[in-house]
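Summary of structural features
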Amino acid sequence: MTTYGTESPGPGGLETALPDPITPYGAAKATAETAVRLLHPTAVVARTSLIIGDGGSVHEKIVRELATGTREGVLFTDDIRCPVHVTDLAAALWELAASKAAGVFHLAGTDAVSRHSLGVLLARRDGLDPALLPAGRRADSRLAGALDVRLDSRATQKRLSTRLRGAREFLHKS
């Protein structure tokens with residue numbers, strides 16, 4: 001089983017889309033996916049997105065540091081992803097590994113959100129002031145990479161008993 005975040009799954013974000021990398025990082029992932037599928041046609045290739053947990057992910061740490069002023073930078077309003085909760089991802093991977101499934105599977109959350117919107121959700125969950133999160137546009141930066149990387153997990157979700165929740169749900173503060 002190969003698992004990685006995809007840089008750009010292609011038009012519509014469907015599992016049937018071929019990778020469409022635009023950076024060396026994305027090209028390396030696409031090469032790995034192709035190699036796995038050629039060498040092990042019965043393997044599961046899992047494409048995922050930003051992985052969020054209960055405070056320990058890189059994105060969660062960045063949001064805390066930006067909100068508390070211990071880090072400089074911005075959260076992009078035009079950089080779209082489909083975050084997945086680590087427990088949902090782990091359960092779905094376990095389920096696929098225990099099955100006779102083969103092929104490409106998208107394991108991402110149901111919500112397409114910008115990194116800034118995700119930061120706002122994280123800040124609210126953690127009791128931080130979302131107004132303290134600086135916003136910017138990735139398109140205005142010199143950073144390479146795809147802006148809109150939506151993964152459509154509906155086909156995979158039909159095969160799983162594990163429900164892949166969206167960020168708005170798993171970050172909702174009760």
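If you're wondering where the values come from, they're calculated on a predicted model, not measured in any experiment.

Cut-off values and rules
- Residue numbers run consecutively from 1 along every chain, following the written order of its sequence.
- Only residues with pLDDT of at least 70 get local features here, since the model is predicted, and only at 80 or more are side-chain atom pairs given and counted; chain-wide, interface and lining totals rely on the full set of residues.
- Side-chain descriptors were evaluated using all non-hydrogen atoms of the structure, hydrogens and water having been removed beforehand.
- Helix and strand assignments come from DSSP, with helices taken as H or I runs of at least 4 residues and strands as E runs of at least 2, each series counted from the N terminus.
- Exposed residues in this analysis have more than 50% of their type's maximum accessible area, buried residues have under 20%, and partly exposed residues fall in between, with area computed by a 1.4 Å probe over protein chains only.
- For every accessible area listed, the method is Shrake-Rupley and the probe measures 1.4 Å; residues are considered covered only by the protein chains on display.
- By definition, two strands form a pair when at least two bridges between them are found by DSSP.
- Here the arc refers to the set of directions running from the helix axis out to each C-beta atom.
- Put simply, buried Ala, Val, Leu, Ile, Met, Phe, Trp, Tyr and Cys residues joined by side-chain atoms within 4.5 Å make one nonpolar core.
- Between two residues, a contact is recorded if the distance between any of their heavy atoms is within 4.5 Å.
- By definition, a salt bridge exists where a carboxyl oxygen of Asp or Glu is found within 4 Å of a side-chain nitrogen of Lys or Arg.
- The angle between two axes is taken between their N-to-C directions and runs from 0 to 180 degrees, where each axis is a line fitted to C-alpha atoms and a helix contributes only its stretch in contact.
- An angle counts as roughly parallel when it lies under 35 degrees, as roughly antiparallel when it exceeds 145, as roughly perpendicular when it falls between 65 and 115, and as oblique in every other case.
- Using a 1 Å grid laid over the protein atoms alone, points where a 1.4 Å probe fits but cannot get out form a cavity; open sets with protein on both sides within 12 Å along at least 5 of 7 lines form a pocket; any residue with an atom within 4 Å of a point counts as lining.
- Grid points are joined across faces, edges and corners, and a volume is the space filled by probe spheres set on the points.
- All residues other than Ala, Val, Leu, Ile, Met, Phe, Trp, Tyr, Cys, Pro, Asp, Glu, Lys and Arg, Gly among them, are scored as polar; the first ten of these are nonpolar and the last four charged.
- Along the chain, pLDDT gives the predictor's confidence residue by residue, from 0 to 100.

1. Focus: the overall build of the chain
- Within the chain, the secondary structure is distributed over 6 helices and 9 strands.
- With the C-alpha coordinates aligned to their principal axes, the bounding extent of the chain is approximately 50 × 40 × 25 Å.
- Expressed as a percentage of its 174 residues, the buried residues of the chain come to 49%.
- Surface summary for the chain: the accessible area is close to 9,200 Å², and the carbon and sulfur share equals 57%.

2. Structural notes on the environment of Thr31
- Its location among the elements puts Thr31 in helix H1 (residues 24-39).
- Taking the C-alpha atoms as reference, Thr31 lies 9.2 Å from Pro19; in sequence the two are 12 residues apart.

3. As for the environment of Ala155
- Inspection of the secondary structure assignment puts Ala155 in helix H5 (residues 154-159).
- Put simply, Ala155 and Glu15 are 140 residues apart on the chain and 7.7 Å apart in space, counted from C-alpha to C-alpha.

4. What to know about the pairing of strand S7 (residues 103-107)
- Of all 5 residues in S7, 5 are buried, a share of seventy percent or more.
- As judged from the 5 bridges shared by strand S2 (residues 44-48) and S7, these two strands associate in the parallel manner. Its bridge partner lying in S7, Ala46 is registered against Phe105.

5. Describing helix H2 (residues 58-68)
- Regarding H2, the residues found buried are His59, Glu60, Val63, Leu66 and Ala67. When H2 is viewed along its axis, its buried side chains cluster within an angular range of 130° and face the same direction.
- Count one or two residues on from H2 and you reach Gly69, which has phi positive near 75°.

6. Regarding the nonpolar core
- Of all hydrophobic cores here, the largest spans 16 residues; its most connected members are Ile52, Val63, Leu118, Leu122, Leu133, Ala167 and Leu171.
- Secondary structure elements with two or more residues in this core: H2, helix H4 (115-125) and helix H6 (167-170).
- The greatest single-element share of this core, amounting to 5 residues, is contributed by H4.
- With residues up to four places along the chain from it excluded, the contact list for Leu171 reads Ile52, Leu118, Leu121, Leu122 and Arg125.
- Counting residues in each nonpolar core, the second largest holds 12 residues, with Ala46, Leu89, Ala92 and Phe105 among its members.

7. Some thoughts on the pattern of salt bridges
- Evaluation of the coordinates by the stated rule reveals 13 salt bridges.
- Between Arg71 and Glu65 there is a salt bridge; the shortest N-O distance is 2.9 Å.
- Overall, Arg71 belongs to the partly exposed group, its relative accessible area being 38%.
- According to the relative accessible area criterion, Glu65 is partly exposed, its value standing at 30%.

8. Here we look at the packing of H2 against H4
- Packing of H2 against H4 brings their axes to within 10 Å, and their N-to-C directions diverge by 75°. As the angle between them shows, H2 and H4 are arranged roughly perpendicular. Of H4, the residues touching H2 (which contributes His59, Glu60 and Val63) are Arg115, Leu118, Gly119, Leu122, Ala123 and Arg125.

9. Quick look at the layout of surface pockets
- Of the volumes computed, that of the second largest pocket is approximately 160 Å³.
- Residue lining of the second largest pocket: Cys82, Gly109, Thr110, Ala112, Arg150, Leu151, Asp152, Ser153, Arg154, Gln157, Arg163 and Leu164, and that is the complete set.
- When grouped by side-chain class, the residues that make up the lining of the second largest pocket number 4 nonpolar, 4 polar and 4 charged.

10. Concerning the confidence of the model for the chain
- In the predicted model, the chain carries a mean pLDDT of 90, and 93% of its residues have values of at least 70.
- For the chain, the element scoring lowest by mean pLDDT is strand S1 (residues 2-5), at 39; strand S6 (residues 84-85) scores highest, at 98.
- Across residues 1-8 the pLDDT falls below 50, and counting only partners more than four positions away or on other chains, this stretch makes 37 contacts in the model.

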